[in-house]
Structure formats: C-alpha cells, structure tokens
Amino acid sequence: MRVLVTGGAGFIGSHLVERLLAEGYEVTVLDDLSGGQLGNLSGVRDHPRLRVIVGDVRDPAALRMALGGVEAVFHLAAVVGVPRVLADPVRTIQVNVEGTQRVLEACAERGISVCVASSSEVYGKGVHWPAAEGDDLRLGPPTSLRWAYAVSKLLDEHLALAWARHGLRVSVVRYFNVYGPRADPHGYGYVIARFMDQALRGEPLTVYGDGRQTRSFIYVTDAVEGTLRAGLLPAAFGHIFNIGCAEEISILDLAEKIRAVTGCQVPIRFLSFSEVYGPEFEEIPRRVPEVSRARALLGFEARVTLDEGLQRTWEWWRTCRRV
Ligand code: UDP
C-alpha cells in the first residue's frame, strides 16, 4: 500500500515517514521545504520504498503527481509554530486553508482516505481543562495575530468534517505540544527544543511570563502512533482526536527538569510576553487534553513519560545537533 505524507520532511512528518517505511508501506513525501528539510529524512534517504517530491501542496500539478498510486494520505503540510505564524499570518492562513482544501478535494475525487493534522491551539484559551474534542472553544480577538493559526486549523477541521458528510474517509488529529529529536527550535516543538538548544550553548533558559503556565507534552513516537491509527483505522473516520499526554507540567518546572536532564547548570531568565511577542500577544495559561476518545476508538494512549522523552531528546540533541 502506498501512502502520501504531505509535510513529510518536517519534524512530525519525518518521524511518521520512518515509521511507515518500517511498517512496510510505500511512502511518497510532498514537502516544499519551507519549514521542513531533507536532512530530517537523511536516515531513510536511499530507502527503495521512499519517493520524495519537493513542491507546494497548493500546486495542483505537484499534488497530482504526489497522489499517484496512493491509497491513504497524512496531511501534515502547514505553517506551524507561534513565531512563524506571527511573522507571516497571511501565508499561514493561505497555506493552511488552501492547502487542506486542495488535499481534501483531491482525496474525495479519487476515493483516498485522509488524516488531517490540526492542533490543540484550536481550543484557544479553553473553556475548561482537560479539554475534550466536542468541547466549546475560546479564541481571542483577530487583532491578536496568534489566533490566525487556530482559525486556519479550525477551518481545516470544518472542511474535513464537511467532506466526511459527502462520504470522504477523513479523520483529524489535534496535536498537543509534540517534542523529540529534530524539533526545530524556531518552529513546532518550540519550548523544549529552545531550552535544549540554550542548555547546549550554555545560555540561560528563557522562561516567558512567570512560568506558571502549563502544557502537556507528547513524545514524537507516541504522536506518530496516534496519527497512524487515526489515519488507517476505519473506526477513526469522521472523528477528531486529541493526540496528547495527560501528564501536565508548568514551564518553570519544565525548565528545572531540563537543567536536571542535561546536567547544564545554566540560569533561568524570565522574559515578559510583551517583550518577546509584542503587546497584542495573548498567552494560553493552561492546556491539557482529555484522552478518552483516542483510547476508546483507536486503542491509543501515550506511553513515553516526560522524563524518558526528555532523556531521549537530549541524547539526540547532544550527539546530532550542531550549535
Ligand atoms: N515558552 C517559554 N520560553 C521559550 C519558549 C516558550 O517559556 O523560550 C513558553 C510559552 O510561553 C508557552 C510554552 O512555553 O507557555 C509552550 O510554548 P510553545 O511555543 O512551545 O508552544 P505553544 O503551546 O505556546 O503553542
């Protein structure tokens, strides 16, 4: 069976590609290398079952070529990460919405199933936590650019579910702060990648605000397992899934943990949100997923603890990442 991974040269995408190849699939990657890089696929570059197409998911010719012989699509190509979104909200909206629209249309025409990557960012500031997939959402105003990403992904979700009503076999995964090897300190997986980068350079760990905001982090191989199930199991189609870990931690505690894991006795430096992101920025004080739907329908649960995942990530960071 051949599958297409859009955004397959990105952080999560490249791990998904490795896993699919290990499972015996024929894999096509479509990536414009704007966020991802071919280096992320260096471990499988010469794999006989891998085909890489460099192109924009919005380009009909590139998409047509990429879909040749494909039976399932994992649509991960998107502009992601708060700094990238703040830097170019127009491109964020265009790529995330138009790209998904084209992928969904093409899959519907050809009878191909598709799993669309979304984000826990769609919950916004949240109504209550842990948040379940059917819960109300609470976004801030459009004057705060941060929400451009959430709105683009929400529209993707609506499009996906609208196509499901027309018979498309489609599922949506909402990732909750995925981290691990190859996360880009300037893109997704931001805070852990940044802290490790800073630790390695012997620089202070930059904690934004008072550090009491919380997140739950999921190790990338767990996120890949959830994605694989959401994309391939018939029970998944027509549904949205939180792909996250129930373990919650404050950013200050995370910084302490990273100092312990890395053994780097670097200081912690507090920076205000307005200093980092400008005066209009709105922070999300808490974010943690309700994980029962993925457990019930996909039999999926995150397995790698934060301590274990940070160890593995640091191992990679120390040995593979050039400062
Ligand atoms: N953060 C931080 N220092 C950094 C980068 C991020 O304290 O150098 C905080 C950020 O304010 C947020 C959390 O870490 O509360 C997670 O940030 P990230 O950008 O990784 O993802 P988000 O959950 O905001 O999408």
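Computed from a predicted model, the values in this text were never measured in an experiment. (Residues numbered from 1 in each chain as written. Predicted model: local features only at pLDDT ≥ 70, side-chain atom pairs only at ≥ 80, totals over all residues. Heavy atoms only, no water.)

Colleague: What should I look at first to understand helix 6 (residues 190-201) in this one?
Modeller: At 3.6 residues per turn, the α-helix brings residues three or four places apart onto the same side. Between the first and last C-alpha of helix 6 there are 16 Å, a value that for twelve residues agrees with the 16 Å anticipated at 1.5 Å per step. For helix 6, the tally of buried residues reaches ten of twelve residues, placing the bulk of the element in the interior. Taken together, the buried positions of helix 6 are Tyr 190, Val 191, Ile 192, Ala 193, Arg 194, Phe 195, Met 196, Asp 197, Gln 198 and Ala 199. Tucked inside the fold, the buried residues of helix 6 contact helix 3 (82-87), strand 7 (178-179), strand 8 (205-208), helix 8 (251-262), helix 9 (273-277) and helix 11 (306-320). Looking at the residues trailing helix 6, positive phi occurs at Gly 202, about 75 degrees. (Helix = DSSP H or I, 4+ residues; strand = E, 2+ residues; numbered from the N terminus. Expected span 1.5 Å × (residues − 1). Buried < 20%, exposed > 50% of the residue type's maximum accessible area, 1.4 Å probe, protein only. Contact = heavy atoms within 4.5 Å.)

Colleague: Please clarify how the sheet that holds strand 3 (residues 50-54) should be interpreted in this entry.
Modeller: What holds strands together in a sheet is hydrogen bonding between their backbones, with the strands either parallel or antiparallel. Read from one edge of the open sheet, seven strands run 3-2-1-4-5-6-11, paired in parallel fashion. Of all the strands in the sheet, the pair left with one neighbour each is strand 3 and strand 11 (240-243). Averaged over neighbouring strand pairs, the angle between their axes works out to 20 degrees when direction is ignored. The strands touched by helix 1 (residues 11-22) are strand 1 (2-6), strand 2 (26-31), strand 3, strand 4 (70-75) and strand 6 (170-175); relative to strand 1, the strand with the most contacts, the crossing angle is about 170 degrees. (Pairing = 2+ DSSP bridges. Axes fitted to C-alpha atoms, helices over the stretch in contact; angles between N-to-C directions.)

Colleague: What am I meant to see in helix 7 (residues 220-232) here?
Modeller: Over its 13 residues, helix 7 extends 18 Å from the first C-alpha to the last, a length consistent with the 18 Å expected when each residue adds 1.5 Å. Across the 13 residues that make up helix 7, a large majority, ten, are buried. Here helix 7 has its buried residues at Val 220, Asp 222, Ala 223, Val 224, Glu 225, Gly 226, Thr 227, Leu 228, Ala 230 and Gly 231.

Colleague: Explain the site of the ligand to me, please; I cannot follow it from the model alone.
Modeller: Neighbouring the ligand are 17 residues, the closest being Arg 194, Thr 206, Tyr 208, Arg 215 and Glu 283. Between the ligand and the protein, one listed contact pairs an oxygen atom with a side-chain N or O atom of Arg 146 at 3.3 Å. Here an oxygen atom of the ligand sits 3.0 Å away from a polar atom, N or O, in the side chain of Asn 177. Given that more than half its atoms are within 2 Å of the pocket grid, the ligand belongs to the largest cavity. Looking at the shell around the ligand, the elements that each hand over two or more residues are helix 6 and strand 8. (Near = heavy atom within 4 Å. Polar contact = N/O pair within 3.5 Å; in protein donor to acceptor, adjacent residues only side chain to side chain. 1 Å grid on protein atoms, 1.4 Å probe; cavity = no way out; pocket = protein on both sides within 12 Å on 5 of 7 lines; lining within 4 Å. Sits in = over half its atoms within 2 Å of the grid points.)

Colleague: For this particular structure, what's the right way to read the nonpolar core?
Modeller: Nonpolar side chains tend to gather and get buried jointly when the protein is soluble and globular. Counting residues in hydrophobic clusters, the biggest one holds 62 residues, and the most contacted among them are Val 27 and Leu 254. Apart from residues lying up to four places away in sequence, Val 27 is in contact with Arg 2, Val 3, Val 5, Val 17, Leu 20, Leu 21, Arg 49, Leu 50 and Arg 51. (Core = buried A, V, L, I, M, F, W, Y, C linked by side-chain atoms within 4.5 Å.)

Colleague: Which parts of the structure should I look at to understand the packing of aromatic side chains?
Modeller: Applying the stated criterion across every chain yields a total of eight aromatic pairs. Aromatic side chains Tyr 123 and Phe 176 sit 5.8 Å apart centroid to centroid with 45 degrees between the ring planes, which places their arrangement in the tilted category. With Tyr 123 in the loop between strand 5 (113-119) and helix 5 (147-165) and Phe 176 in the loop between strand 6 and strand 7, the pair connects residues that are 53 residues apart, well separated along the chain. For Tyr 123, a relative accessible area of 1% gives the class buried. Taken together through their ring pairs, the aromatic side chains of Tyr 208, Phe 273, Tyr 277 and Phe 281 make up a single cluster. In this structure, Arg 174 is placed above the aromatic ring of Tyr 123, and the distance from its NZ or CZ to the ring centre is 4.8 Å. (Phe/Tyr/Trp six-rings, centres within 6.5 Å; stacked < 30°, edge-to-face > 60°. Lys NZ or Arg CZ within 6 Å of the ring centre and 35° of its normal.)

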